[in-house]
Amino acid sequence: MATPRTCKPTMRPRRALTVYYARAMDRASEADIARDDLTFDTALKAAGFTFFNPYAREAPLPIDSQRLVERNRDLVSQASVLVANLSREDYPYVGVWFEMADAYASDVPVVAWV
């Protein structure tokens, strides 16, 4: 009688969860945005997530609006989830609504933070 062999299961590498953080930025100072980004990035890394930061600047500056939209759409489509910070009162969130729509069109779950 043949001895049964046990197979060691193949472990697939776990894909890091990526979070795209959509929020209002045009009335915030660069210092405030940088501070918030550091806080958010630190918390996400501690939880095992990767932060897709649409505010991260690319050289050369300034980036034109068409390139910015294309880059953000690409990041949104690669994200595991989009977190939309809608916590500021009396703010139109025009860009955030478009990012949420892009996420929906790419089957990326959206979490609204109000």
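Residues numbered from 1 in each chain as written. Predicted model: local features only at pLDDT ≥ 70, side-chain atom pairs only at ≥ 80, totals over all residues. Heavy atoms only, no water.

Caption draft 1: Quick peek at helix H3 (residues 94-105). The terminal C-alpha atoms of H3 lie 17 Å apart, and with twelve residues this matches the ideal 16 Å at 1.5 Å per residue to within 8%. Those residues of H3 that fall on the buried side of the exposure criterion are Val 96, Glu 99, Met 100, Asp 102 and Ala 103. Considered in projection along H3, the buried side chains sweep an arc of 160° and stay on one side of the axis. Those residues of H3 that are exposed and aimed more than 90 degrees away from the buried face are Phe 98, Tyr 104 and Ala 105. A positive backbone phi angle near 60° is found at Asp 107, which sits one or two residues after H3. (Helix = DSSP H or I, 4+ residues; strand = E, 2+ residues; numbered from the N terminus. Expected span 1.5 Å × (residues − 1). Buried < 20%, exposed > 50% of the residue type's maximum accessible area, 1.4 Å probe, protein only. Arc of directions from axis to C-beta.)

Caption draft 2: Examining the sheet that holds strand E2 (residues 49-52) more closely. Read from one edge of the open sheet, four strands run E2-E1-E3-E4, paired in parallel fashion. The sheet is open, and its two borders are formed by E2 and strand E4 (110-113), each paired with just one other strand. Geometrically, the sheet is characterised by an average inter-axis angle of 25° between neighbouring strands, direction not taken into account. Those strands touched by helix H1 (residues 30-46) are strand E1 (17-23), E2 and E4, and its axis lies near 155° from that of E2. Lying over the sheet, helix H2 (residues 65-78) contacts E1, E2 and strand E3 (81-85), oriented at roughly 140° with respect to E1. (Pairing = 2+ DSSP bridges. Axes fitted to C-alpha atoms, helices over the stretch in contact; angles between N-to-C directions. Contact = heavy atoms within 4.5 Å.)

Caption draft 3: How the structure looks around the pairing of E4. Here E3 pairs with E4 via four bridges, running parallel. Across the sheet, residue Val 83 finds its bridge partner in E4, namely Val 111. Tracing the backbone out of E3, into H3 and back to the parallel element E4 gives a crossover that is right-handed. (Right-handed = clockwise from strand over helix to strand, strands pointing away.)

Caption draft 4: Examining the environment of Glu 99 more closely. Residue placement: Glu 99 occurs in helix H3. With a relative accessible area of 11%, Glu 99 lands in the buried category. For Glu 99 and Val 69, which are 30 residues apart along the polypeptide, the C-alpha to C-alpha distance reads 9.0 Å. Discounting residues that sit within four places of it in the chain, Glu 99 has contacts with Tyr 20, Ala 22, Arg 23, Pro 54, Asn 72, Val 76 and Leu 82.

Caption draft 5: View of the nonpolar core. Ranked by internal contacts, the top residues of the largest apolar core, which has 16 residues, are Tyr 20, Leu 82, Ala 84, Leu 86, Tyr 93, Val 96 and Met 100. Put simply, the parts of the chain that give this core at least two residues each are E1, H2, E3 and H3. With three residues, the single largest contributor to this core is H3. Among all residues touching Met 100, those that are not within four sequence positions of it are Leu 82, Ala 84, Leu 86 and Val 110. (Core = buried A, V, L, I, M, F, W, Y, C linked by side-chain atoms within 4.5 Å.)

Nothing here speaks to function; it is all geometry.
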